[in-house]
Amino acid sequence: MFYLFSSPEAIANHLSQRLLQIMQEKPDAVLGLATGSTMEPVYAHLVELVRLQKPDLSGITTFNLDEYIGLPPSHPQSYNYYMHQHLFNPLGLNEEQINLPCGVCENQEQECQEYSERIKAAGGLDFQLLGIGTNGHIGFNEPYTPFDSLTHVIELSENTRLDNGRFFDNQDEVPTHAITMGIKDIMDAKEVVLVATGEHKAQVMADLFNSPVDEFMPASALKQHGNFCVYLDEAAAGLLPANVLKRI
Ligand code: F6R
C-alpha cells in the first residue's frame, strides 16, 4: 500500500505517466483531481508529457474534489483558478469537460446534491488523485466526517485554516467553509492514489498507518478500498516502519 519514491519529482514522473496511460487506454476516462502544493509537480509533469505525446484528450472528464465557499473562480486562491492555471489551460481542456464544486452558488444544498449525481451520471470516477491534510483530511473531509458522506459543505478546522493560511495574505482571509466531495464519492472511485511529500506529512502518514478504520482519521476509510495506494517521498515516509514501504 505504501510506495516509496526518492523525491517528489520521482512521484510526479511516475504518476503523470500513470495518468497519461489511463487517458490513452480509456479516452472517455473520468478523473478525480486534487489541488494543493503536493499536486503542482504532478500537474507540471503531466502537462509536459501531454505536450510531447499529444494524446487526444477531448473525451476526458474531470471532477475536482473541493472548493472554498465564497471564492469566485477569478480569485487567485480559488481551486477553480488553481486548476485552470496548473492544468486545464495548459492541457487545452474545454469547460464542458471540467467539473468543480461551485463555491459561490446561492443554493449550496442543491449544488452538493447535483455534484455527486453528476459524478455518477458520468459513469463514476476511474481514478481519484488525493493529497492529505496534516489532520488526515482527504478532499476537505475533516476528522469525524461520516464515511457515507456525499458532496457537502463543511466548516474547515482551525488546523486546516492555519495550514492553508500560507496561500493567503493574512489568516483572516482564509475561508471558514468549503464544499467537498464526500468520502463515499471518493471511495466509489475505481482506483485511488494518495500522495504525501515533505517532512510535514511524516506524522500524518504514521497516524494513517497506525489508525484503525475510523472517522476520526478520514483517510483511514481508504484502507477498505480495494485499489488504493499511497505514494510517499523519503521525508513523508520518515516515521513509517521500513518493512511496510515498497521502494519504486
Ligand atoms: C485539495 C485537497 C486537500 C489537499 C490537502 C493537502 O484539493 O483536497 O485535501 O490535498 O490539504 O494540501 P497540500 O498538498 O497543499 O499539502
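Further up the page is the structure itself.
Only a predicted model underlies this, so the values are computations on that prediction, with no experimental measurement involved.

Criteria and cut-off values
Residues numbered from 1 in each chain as written. Predicted model: local features only at pLDDT ≥ 70, side-chain atom pairs only at ≥ 80, totals over all residues. Heavy atoms only, no water. Phe/Tyr/Trp six-rings, centres within 6.5 Å; stacked < 30°, edge-to-face > 60°. Helix = DSSP H or I, 4+ residues; strand = E, 2+ residues; numbered from the N terminus. Buried < 20%, exposed > 50% of the residue type's maximum accessible area, 1.4 Å probe, protein only. Core = buried A, V, L, I, M, F, W, Y, C linked by side-chain atoms within 4.5 Å. Pairing = 2+ DSSP bridges. Axes fitted to C-alpha atoms, helices over the stretch in contact; angles between N-to-C directions. Near = heavy atom within 4 Å. Polar contact = N/O pair within 3.5 Å; in protein donor to acceptor, adjacent residues only side chain to side chain. Areas by Shrake-Rupley, 256 points an atom, 1.4 Å probe, with all protein chains shown as cover.

Enquirer: I'm lost on the packing of aromatic side chains in this one. Help?
Expert: The tally for this structure, following the rule as stated, stands at 10 aromatic pairs. For the pair Phe5 and Tyr231, a centre-to-centre distance of 4.9 Å together with 50° between the ring planes defines the contact as tilted. In this pair, Phe5 sits in strand 1 (residues 2–5) while Tyr231 sits in strand 10 (residues 228–233), placing the two residues 226 residues apart along the sequence. There is no split in this pair, since Phe5 and Tyr231 are both buried. With centroids separated by 5.7 Å and ring planes inclined at 80°, the aromatic side chains of Tyr68 and Phe168 adopt a geometry described as edge-to-face. Residue Tyr68 is found in strand 4 (residues 66–68), and its partner Phe168 is found in the loop between helix 5 (158–164) and strand 8 (177–180); the two are separated by 100 residues along the sequence. Judged by relative accessible area, which is 1%, Tyr68 ranks as buried. Overall, the relative accessible area of 8% leaves Phe168 in the buried class. Three or more aromatic residues link up through ring pairs in this structure, and these residues are Tyr68, Tyr79, Phe140 and Phe168.

Enquirer: Please clarify how the nonpolar core should be interpreted in this entry.
Expert: Within soluble globular proteins, side chains that are nonpolar tend to cluster in buried spots. In terms of nonpolar packing, the biggest core is built from 65 residues, with Leu129, Leu194, Met205 and Leu232 touching the most fellow members. Tyr68, Leu71, Phe168 and Ala178 belong to the second-largest nonpolar core, a separate cluster that totals 9 residues.

Enquirer: Explain the sheet that holds strand 8 to me, please; I cannot follow it from the model alone.
Expert: Taking strand neighbours across the sheet as the criterion, the 3 strands line up as 4-8-7 in an open arrangement whose pairing is antiparallel. The open sheet is flanked by strand 4 and strand 7 (152–155), the only strands paired with a single partner. Within the sheet, the average angular offset between the axes of one strand and its neighbour, ignoring direction, is 25°. Where strand 4 and strand 8 come together, 3 bridges link them in antiparallel fashion. Paired with Tyr68 across the strands is Ala178, a residue of strand 8.

Enquirer: Can you help me understand the site of the ligand in this one?
Expert: The local shell around the ligand holds 15 residues, among which Thr38, Asp66, His137, Gly139 and Lys201 are the closest. Gly139 places a main-chain nitrogen or oxygen 2.7 Å from an oxygen atom of the ligand. Measuring from an oxygen atom of the ligand, one finds a side-chain N or O atom of Arg166 at 2.9 Å. Here the ligand has 410 Å² of accessible area as a free molecule, and 96% of this is covered by the chains.

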